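Each chain is listed here by its residues.
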Amino acid sequence: MNYIKLKAIIMVLLVSLISITLYVPPIKAQQQECCEKTKDGSFCVYTESSNCASQNHAPAFCEDTSFCKLGCCFDSNSGECFSNTAKSECNNLGGAWEDSSSCIEVAQCSIGCCQLNNQGFLSTLTKCKQVASQYSDTEPNFDASIRDEFSCLNSVRSQEQGC
């Protein structure tokens, strides 16, 4: 008798488990794509295609697309360089994008000593001219051969005058 009860309980459990597993509703797979620009303004995001704001999107990883390739972005307004910037983001900002893993290899991103009267700092040539333009009586001197802060500061110390 106990054997029949045990067999009945096992059968009820088996039938219950089978019916639960057969009832699982189907799950829709979302199509993930690399979006050049999303609706919230982000660049090169791997998300659902419905979140893409631009025409450029691909069913691939972002690093495999031409519009999200990383490189160096030179901002001609500020004279600054940004490494590891997506091509589309740089273009959106109005910058000049170079296919270079490091901004050191880009000519506009060359660092030197910007000398303004008795002040000196490291910057790009464009940044040096931009800072100098804020002062009417200052002519910038850019020395590309000086590439460290200590030497740059020492180069303008000799111009200091006493009382």
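Residues numbered from 1 in each chain as written. Predicted model: local features only at pLDDT ≥ 70, side-chain atom pairs only at ≥ 80, totals over all residues. Heavy atoms only, no water.

Q: Tell me about the overall build of the chain, and name the residues and values.
A: Within the chain one finds four helices and nine strands. The N-to-C order of helical and strand elements in the chain reads α-β-β-β-β-β-α-β-β-β-α-β-α. Here the chain holds 163 residues, and the buried ones make up 29% of them. Restricting the contact set of the chain to residue pairs at least 6 apart, pairs at least 24 apart contribute 42%. Per element, the accessible surface of the chain, about 11,500 Å² overall, is 55% carbon and sulfur. (Helix = DSSP H or I, 4+ residues; strand = E, 2+ residues; numbered from the N terminus. Buried < 20%, exposed > 50% of the residue type's maximum accessible area, 1.4 Å probe, protein only. Contact = heavy atoms within 4.5 Å. Areas by Shrake-Rupley, 256 points an atom, 1.4 Å probe, with all protein chains shown as cover.)

Q: Requested: an account of the state of the cysteines, with residues and values cited.
A: Taken as a whole and judged by the stated rule, the model has eight disulfides. A sulfur-sulfur separation of 2.1 Å characterises the disulfide bridge that pairs C73 with C90. Negative torsions about the S-S bond denote left-handed disulfides, and the value of about 80° found for C73 with C90 makes this one right-handed. In this pair, C73 is assigned in strand β4 (residues 70-75) and C90 in helix α2 (residues 87-92), connecting sequence segments 17 residues apart. Assigned by exposure class, C73 and C90 land together as buried. The disulfide that involves C113 links it to C152, with 2.1 Å between the sulfurs. Across the S-S bond linking C113 and C152, the dihedral sits near 75°, which makes this disulfide right-handed. (Disulfide = S-S within 2.5 Å.)

Q: Provide a residue-level description of unusual backbone geometry, including the pertinent values.
A: Within the chain, C44 stands out as a residue other than glycine whose phi angle is a positive 50°. You can see C44 is positioned in strand β2 (residues 43-48). Even without being glycine, N117 reaches a positive phi, approximately 55°. Relative to the helices and strands, N117 resides in the loop between β7 (112-116) and β8 (119-123).

Q: Can you break down the pattern of salt bridges residue by residue, with the values?
A: All told, the structure shown has one salt bridge when counted by the stated rule. For D99, the salt bridge goes to K69, with nearest N and O atoms at 3.6 Å. One end of the pair, D99, is in the loop between β6 (96-98) and β7; the other, K69, is in the loop between β3 (57-58) and β4, with 30 residues separating them in the sequence. (Salt bridge = Lys/Arg side-chain N within 4 Å of Asp/Glu carboxyl O.)

Q: Talk me through the side chain of E36; I want residue IDs and the actual numbers.
A: Summarising the element assignment, E36 is placed in strand β1 (residues 32-37). Despite its burial, E36 pairs with no opposite charge, the nearest such side chain being K87 at 8.8 Å. Setting aside residues up to four positions removed in sequence, E36 forms contacts with S42, F43, C44, S54, N56, F67, C68 and S88. (Lys, Arg positive; Asp, Glu negative; His and termini not counted.)

Q: Can you tell me about the sheet that holds β8, naming the residues and giving the values?
A: Within a sheet, adjacent strands bond to each other through the backbone by hydrogen bonds, running parallel or antiparallel. Spatially, three strands are ordered β8-β7-β9 in an open sheet, and the strand pairing comes out antiparallel. Pairing within the sheet leaves two strands with one partner each, and these edge strands are β8 and β9 (141-143). Here the average twist between neighbouring strands, direction ignored, is 25°. Sheet analysis places β7 next to β9, joined by three bridges and oriented antiparallel. When the bridges of β9 are listed, C114 appears paired with F142. Together, β7, β8 and β9 form the strand contacts of helix α3 (residues 125-132), whose direction differs from that of β8 by roughly 140°. On top of the sheet, helix α4 (residues 149-157) reaches β7 and β8; it is set at about 150° to β8, its chief contact. (Pairing = 2+ DSSP bridges. Axes fitted to C-alpha atoms, helices over the stretch in contact; angles between N-to-C directions.)

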